[in-house]
Amino acid sequence: MTGLGAFRAALVFGLLLVLHYTLRPLLGWRAPIDFLVIAVLLAAVRARSGTSALLGFALGIATDSLNVEGFGARALAMSIVAFAASWMKAIFFADNLALNGFFFFIGKWAFDIIMIVVEQRLSGGAMVTQLLLWSPLSAFNTAVAGVVLLIVLRPVLEPSRT
Amino acid sequence: MLFVLCIVFAIAARLLPETIRDPIAATLRQTIVRPLVSLQASAERTRSSWLNYERLSVSRDSIALRAMQVPALESENERLRRLLSLGSRLGWGFVAAEALHGQAIGDETTVALSVGSDAGVRRYAPVVAPEGLVGTVQSVDPGTSVALLWGHPQFRPSAMSADGSAFGIIHPHASEGAEGFLLELRGVQFRSALDTGSLVVTSGLGGVFPAGIPIGTVVGEIKTTELWARTYLLRPAVPPPDVRSVMIMSQQRSAAGVQQIWTISKADSAARGIARAGDSLSRRDQALATAARIARGDTTSATLPVAASATAPSPPVKRPITAPRTQPPPRAVTDTTATKPPVAPPPAVRPDTIVTSPPPTAPPVIPPPPPPPGVAGVSFTVPV
């Protein structure tokens, strides 16, 4: 990835970070959009697997500082999702918006499953409801937002294959 | 390798004790995450402000909608208070009813009432309101009844002026628009001229409507081809929008008379004026002031004034009837204990259409109230 491409990717990454902490609380949805997962997945396709895992770990541990009881859960989930996305980037980011949306959906849902299981904050019916109802809805919203962002930011983003 | 290290560190962070975990989390919050947290705080404040604005807008709209209903509620409250007052003055022999207005053609001259024969309503019973006469019951069902309003062509009560000097028959005023709700007093003797603003009440002739129920006030005279009689245009005492809550009087109550019911409010103001003039405290103050003036040698105001300057009685009111009349000049109705000497029946009075009547009873002739004691040489005029 060239320097200009890295700069553009960093710019988009920062934009998604800001959207996660402004637009997401402003909307206040019960099944919110996870811009951090979108940012990690878009960054993972442009970096190597180890770098993607490190980026996911850093983003996850920073987010965990706001939820001390589950410290480390998001870091673990982000690391796994980012590594897997980078590992499957040839399939993940084929030039097909529907396929990209599908993998945004899978990535967000997998992130929620790992985080909820590791965090152990929910149990019983509440955990089942969260995993089978609200997480899929949030994943769907995240997928739609991710596809829209891909369309909007396509002139900025450069698809790179390393 | 990096991936494995990240997994290990993540698991280690998950298993860290609180004493190590909390300082690390605090350091991250105060450094890297702090600007992001401030962004989130601003977004949360914006959202809560927007939600509060929505709630305030809804609340303001609800308040505005309720405020629009306040005048109607106040008006209805006032009407119900007056109706209660009328009921207390009547005392017995009446039933309250709600007027059920329809939207069909012709419903402006008839109205359905919410009570019927089950409540004691009978045909030809007078329908009254706090302001005066509304109409008469035309048909009666067990639970409802239909009343003719004053605008109906068949509604023609016998009427007279408040002082009993002029008699006539009420007819609806055949006109379009707003004047269609006015009334006509026909058949008034030519010598009995009524001034604008004169009150016209039922005369009690015919036996359907007792004497003394206000019908309307004179608006002006209508020129007709009849040279021996006058016709006056009246504004009804009860405006059409106010025909909502009414009372239906029984025959026994009508026969007992309602002379003082609709004039009590006026009599109250006259009585208060008389009471003020005779107030012992004010007279005492005046006497002291007069004594002081006499002691100073001021002889120009040795006589007592009529009343204290702050409590002067009501000024004289111009009597509405100015034409010469055959009967002795009656006064306004204020004294409930005065006797009612019979007088000759008025000539050329057309009977009303409801019931043919026996020889009419005399209109009330009330002598003026006696002047208060201690005030000589003062004439009291009572407002009508």
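Residues numbered from 1 in each chain as written. Chains lettered and ligands numbered in written order. Predicted model: local features only at pLDDT ≥ 70, side-chain atom pairs only at ≥ 80, totals over all residues. Heavy atoms only, no water.

Draft legend 1. Expanded view of the overall build of chain B. Across its full length, chain B carries 6 helices and 12 strands. Taken across its 384 residues, chain B has 38% of its residues classed as buried. Residue pairs in contact within chain B that sit at least 24 positions apart in sequence constitute 63% of those at least 6 positions apart. (Helix = DSSP H or I, 4+ residues; strand = E, 2+ residues; numbered from the N terminus. Buried < 20%, exposed > 50% of the residue type's maximum accessible area, 1.4 Å probe, protein only. Contact = heavy atoms within 4.5 Å.)

Draft legend 2. The arrangement of the interface of chain A and chain B in detail. The interface is formed by 30 residues belonging to chain A together with 24 residues belonging to chain B. Of the roughly 2400 Å² buried between chain A and chain B on both sides combined, carbon and sulfur atoms contribute 76%. There are 0 salt bridges connecting chain A and chain B. Our enumeration of links across chain A and chain B arrives at 7 residue pairs in polar contact (both at pLDDT 80 or more). When residues of the side of chain A that touches chain B are traced back to their parent elements, those giving at least two are α1 (3-27), α3 (49-64), α4 (73-87) and α6 (97-119) of chain A. (Buried area = accessible area lost by both parts, 1.4 Å probe. Salt bridge = Lys/Arg side-chain N within 4 Å of Asp/Glu carboxyl O. Polar contact = N/O pair within 3.5 Å; in protein donor to acceptor, adjacent residues only side chain to side chain.)

Draft legend 3. Main features of the packing of α1 of chain A against helix α2 (residues 35-44) of chain A. Residue and element names in this part refer to chain A. Running from amino to carboxyl end, α1 crosses α2 at an angle of 170°, the nearest separation of the two axes being 8 Å. As far as their axial angle goes, α2 and α1 are roughly antiparallel. On α2, the residues touching Val12, Phe13, Leu16, Leu17, Leu19, His20, Tyr21 and Leu23 of α1 are Phe35, Leu36, Ile38, Ala39, Val40, Leu42 and Ala43. (Axes fitted to C-alpha atoms, helices over the stretch in contact; angles between N-to-C directions. Parallel < 35°, antiparallel > 145°, perpendicular 65-115°, else oblique.)

Draft legend 4. Broad picture of unusual backbone geometry. In this structure, Gln120 of chain A is a non-glycine residue whose phi angle is positive, near 55°. For Gln120 of chain A, the location among the structural elements is in the loop between α6 and α7 (124-153). Backbone geometry at Tyr124 of chain B places phi at a positive 70°, although glycine is not the residue there. Since its relative accessible area comes to 32%, Tyr124 of chain B is described here as partly exposed.

Draft legend 5. Structural view of the pairing of strand β5 (residues 145-149) of chain B. Residues and elements named next belong to chain B. By the criterion of burial, β5 is predominantly enclosed, with 4 of the 5 residues buried. Here strand β2 (residues 110-113) runs beside β5; their pairing, made up of 4 bridges, is antiparallel. Paired with Val111 across the strands is Ala147, a residue of β5. Hairpin connection, strand β4 (residues 132-140) to β5: the antiparallel pair is bridged by 4 residues. (Pairing = 2+ DSSP bridges.)

Draft legend 6. View of a nonpolar patch on the surface. A cluster of nonpolar side chains, Leu54 of chain A together with Met1, Leu2, Val4, Leu5, Val8 and Phe9 of chain B, forms an exposed patch at the surface whose accessible area comes to about 680 Å². The element that contributes the greatest number of residues to the nonpolar patch is helix α1 (residues 2-15) of chain B, accounting for 5 residues. When you line up the elements, Leu54 of chain A lands in helix α3. Under the relative-accessibility criterion, Leu54 of chain A is labelled partly exposed at 41%. (Patch = residues over 30% accessible without salt bridge, like charges linked within 9 Å, V, L, I, M, F, W, Y side chains within 5 Å. Areas by Shrake-Rupley, 256 points an atom, 1.4 Å probe, with all protein chains shown as cover.)

Draft legend 7. Expanded view of empty space enclosed by the protein. Residue and element names in this part refer to chain A. Taken as a whole and assessed by the stated rule, the structure comprises 1 cavity of 30 Å³ or more. In this structure, the largest cavity encloses a volume near 40 Å³. As for the largest cavity, its lining consists of Arg24, Leu27, Gly28, Trp29, Pro32, Ile33 and Phe35. Partitioned by chemical class, the residues of the lining of the largest cavity number 5 nonpolar, 1 polar and 1 charged. (1 Å grid on protein atoms, 1.4 Å probe; cavity = no way out; pocket = protein on both sides within 12 Å on 5 of 7 lines; lining within 4 Å. Points joined across faces, edges and corners; volume = space filled by probe spheres on them. Nonpolar A, V, L, I, M, F, W, Y, C, P; charged D, E, K, R; others polar.)

Draft legend 8. Quick peek at the sheet that holds strand β10 (residues 214-222) of chain B. What the 6 strands build is a closed barrel, ordered β6-β7-β8-β11-β10-β9 (chain B); its pairing is antiparallel. Mean inter-strand twist for the sheet, computed between neighbouring axes without regard to direction, equals 45°.

Draft legend 9. Representation of the packing of aromatic side chains. The final tally for this structure, using the stated rule, is 5 aromatic pairs over all chains. When the centroid spacing of 3.9 Å and the interplanar angle of 15° are considered together, the rings of Phe83 of chain A and Phe3 of chain B count as stacked. Here Phe3 of chain B lies in helix α1 and Phe83 of chain A lies in helix α4, a pairing that spans two chains. The cationic tip of Arg30 of chain A hangs over the ring face of Trp134 of chain A; the distance from NZ or CZ to the ring centre is 4.2 Å. The lysine or arginine in question, Arg230 of chain B, covers the ring of Phe190 of chain B, its NZ or CZ lying 4.3 Å from the ring centre. (Phe/Tyr/Trp six-rings, centres within 6.5 Å; stacked < 30°, edge-to-face > 60°. Lys NZ or Arg CZ within 6 Å of the ring centre and 35° of its normal.)

Draft legend 10. Here's a closer look at α3 of chain A. If you check α3 of chain A, its first and last C-alpha atoms are 22 Å apart, about what 16 residues at 1.5 Å a residue would give, namely 22 Å. When α3 of chain A is considered as a whole, its buried residues turn out to be Gly50, Ser52, Ala53, Gly56, Phe57, Leu59, Gly60, Ile61, Ala62, Thr63 and Asp64 of chain A. Buried positions along α3 of chain A lie against α1, α2 and α4 of chain A together with α1 and α2 (18-30) of chain B. (Expected span 1.5 Å × (residues − 1).)

Draft legend 11. Region of the structure containing the pairing of strand β11 (residues 229-236) of chain B. Residues and elements named next belong to chain B. Summarising burial for β11: 7 of the 8 residues are buried, a large majority. In terms of strand pairing, strand β8 (residues 183-189) meets β11 through 5 bridges, oriented antiparallel. Opposite Val188, over in β11, you have Arg230 as the bridge partner. Where β10 and β11 come together, 6 bridges link them in antiparallel fashion.

Draft legend 12. Local environment of the confidence of the model for chain B. Residue and element names in this part refer to chain B. When pLDDT is averaged across chain B, the result is 74; 69% of the residues are at 70 or more. Across chain B, the secondary-structure element scoring lowest on mean pLDDT is helix α5 (residues 264-277), at 50, and the one scoring highest is strand β9 (residues 199-202), at 92. Predicted confidence is poor over residues 329-360, with pLDDT under 50, and the contacts of this stretch with residues over four places away or in other chains come to 60 contacts. Note that pLDDT drops below 50 for residues 363-367; the model gives that stretch 16 contacts with residues more than four away or on any other chain. As a predicted assembly, this complex carries a pTM of 0.48 together with an ipTM value of 0.83. (pLDDT = per-residue confidence, 0-100.)

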